[in-house]
Amino acid sequence: MPFIIAIDGPAASGKGTIARALSQHFGFHHLDTGLLYRATGAKGGDPVAAARGLTPADLARPDLRSAEAGQAASRIAAIPEVRAALVAFQHRFAAQDPGAVLDGRDIGTVICPDAEVKLYVVASDEVRAARRAAELGADPAQMLVELRERDQRDSQRATAPLRPADDAVVLDTSDLSIADAISRAITAVDLAR
Ligand code: C5P
């Protein structure tokens, strides 16, 4: 049985960095599930058809990291048929030996509810906006508005809203260095192994 690590949290909380580090540390596969939604939104046209027809080339587009792609992703991510179209791929990914790390919004609650470890990574709105602004070379105040709008949409939607699983370990990275955040995440996984 592969070992599954589910990581959820709002935008720019640090979950992607932690997911990558855990996958390297444990030798597991890593899937940034946000990319599936970003690629679906960026394809344009009927989002359900876009989600059903995603190709590796769609996932490799260099423009998927922008704030606009994030907003478009968050809009189409509220459509139940879009989410349903992406489930099988995520399940197949999670079934790979020796294990997999998936990060997103609904991994611990919907996609992998039986994951061995569930992390819910958070950080203050201001810290997240500053991080995203540095990453994208954008204005922190504008990023703050953008992140709050996206988090609001992601947590208010009816299907698979952003929320911690009941058994998730909550990791607040606001005042942690990247190294400290990673080492706490590794400890949480070690405790479950
Ligand atoms: O994590 P990232 O910022 O790339 O995600 C982009 C958007 O995709 C999120 O704001 C959210 O609406 C959606 N998403 C989702 N479920 C996931 C991953 C991402 O709804 N598992």
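Residues numbered from 1 in each chain as written. Predicted model: local features only at pLDDT ≥ 70, side-chain atom pairs only at ≥ 80, totals over all residues.

- An unreviewed UniProt entry lists the protein under the name Cytidylate kinase, with Paracoccus rhizosphaerae as the source organism.
- Recorded in UniProt under Subcellular location (unreviewed entry), the annotation for the protein is "Cytoplasm". (UniProt positions renumbered as here; feature names shortened; annotations may be inferred.)

## Examining unusual backbone geometry
Consideration 1: For the bond from D97 to P98, the omega torsion is 0 degrees, close enough to zero to count as cis.
Consideration 2: Mapped onto the elements, P98 comes out in the loop between helix 6 (80–94) and strand 3 (99–104).
Consideration 3: We note that A12 has phi near 60 degrees; this positive angle belongs to a residue other than glycine.
Consideration 4: In this fold, A12 is placed in the loop between strand 1 (3–8) and helix 1 (15–26).
Consideration 5: Even without glycine at this site, A160 takes up a positive phi of about 50 degrees.
Consideration 6: Relative to the assigned elements, A160 resides in the loop between helix 9 (140–156) and strand 5 (169–172). (Helix = DSSP H or I, 4+ residues; strand = E, 2+ residues; numbered from the N terminus.)

## Here's the deal with the sheet that holds strand 3
Consideration 1: With respect to topology, five strands assemble into an open sheet ordered 2-3-1-4-5, the strand pairing being parallel. A strand with exactly one partner marks an edge of an open sheet, and here the two such strands are strand 2 (29–32) and strand 5. For this sheet, the mean inter-axis angle between neighbouring strands, taken without regard to orientation, is 20 degrees.
Consideration 2: Relative to the sheet, helix 10 (residues 178–192) contacts strand 1, strand 4 (117–122) and strand 5, its axis offset from that of strand 4 by approximately 160 degrees. (Pairing = 2+ DSSP bridges. Axes fitted to C-alpha atoms, helices over the stretch in contact; angles between N-to-C directions. Contact = placed C-beta atoms within 7 Å.)

## Quick notes on the UniProt feature "binding site: ATP" (unreviewed entry) in the protein
Consideration 1: Taking the UniProt record as the reference, the feature "binding site: ATP" (unreviewed entry) is found at G9, P10, A11, A12, S13, G14, K15, G16 and T17.
Consideration 2: As for its placement among the helices and strands, S13 is situated in the loop between strand 1 and helix 1.
Consideration 3: Given 27 C-beta atoms within 10 Å, S13 falls into the buried group.
Consideration 4: Leave out the neighbours within four places in its chain, and S13 touches V121, V122, A123, R128 and T173.
Consideration 5: Here K15 lies in helix 1.
Consideration 6: For K15, a count of 29 C-beta atoms within 10 Å translates into the label buried.
Consideration 7: Apart from the residues lying within four places of it in its own chain, the contact partners of K15 are I7, D8, G9, D103 and V121. (Buried ≥ 20, exposed ≤ 12 C-beta atoms within 10 Å, placed from the backbone.)

## Comments concerning the site of the ligand
Consideration 1: In the region of the ligand, 15 residues are neighbours, and G34, Y37, S74, A77 and G104 sit closest.
Consideration 2: Put simply, the parts of the chain that give the shell around the ligand at least two residues each are helix 2 (34–43), helix 5 (67–76) and helix 9.
Consideration 3: Residue composition of the shell around the ligand, by class: five nonpolar, five polar and five charged. (Near = placed C-beta within 6 Å. Nonpolar A, V, L, I, M, F, W, Y, C, P; charged D, E, K, R; others polar.)

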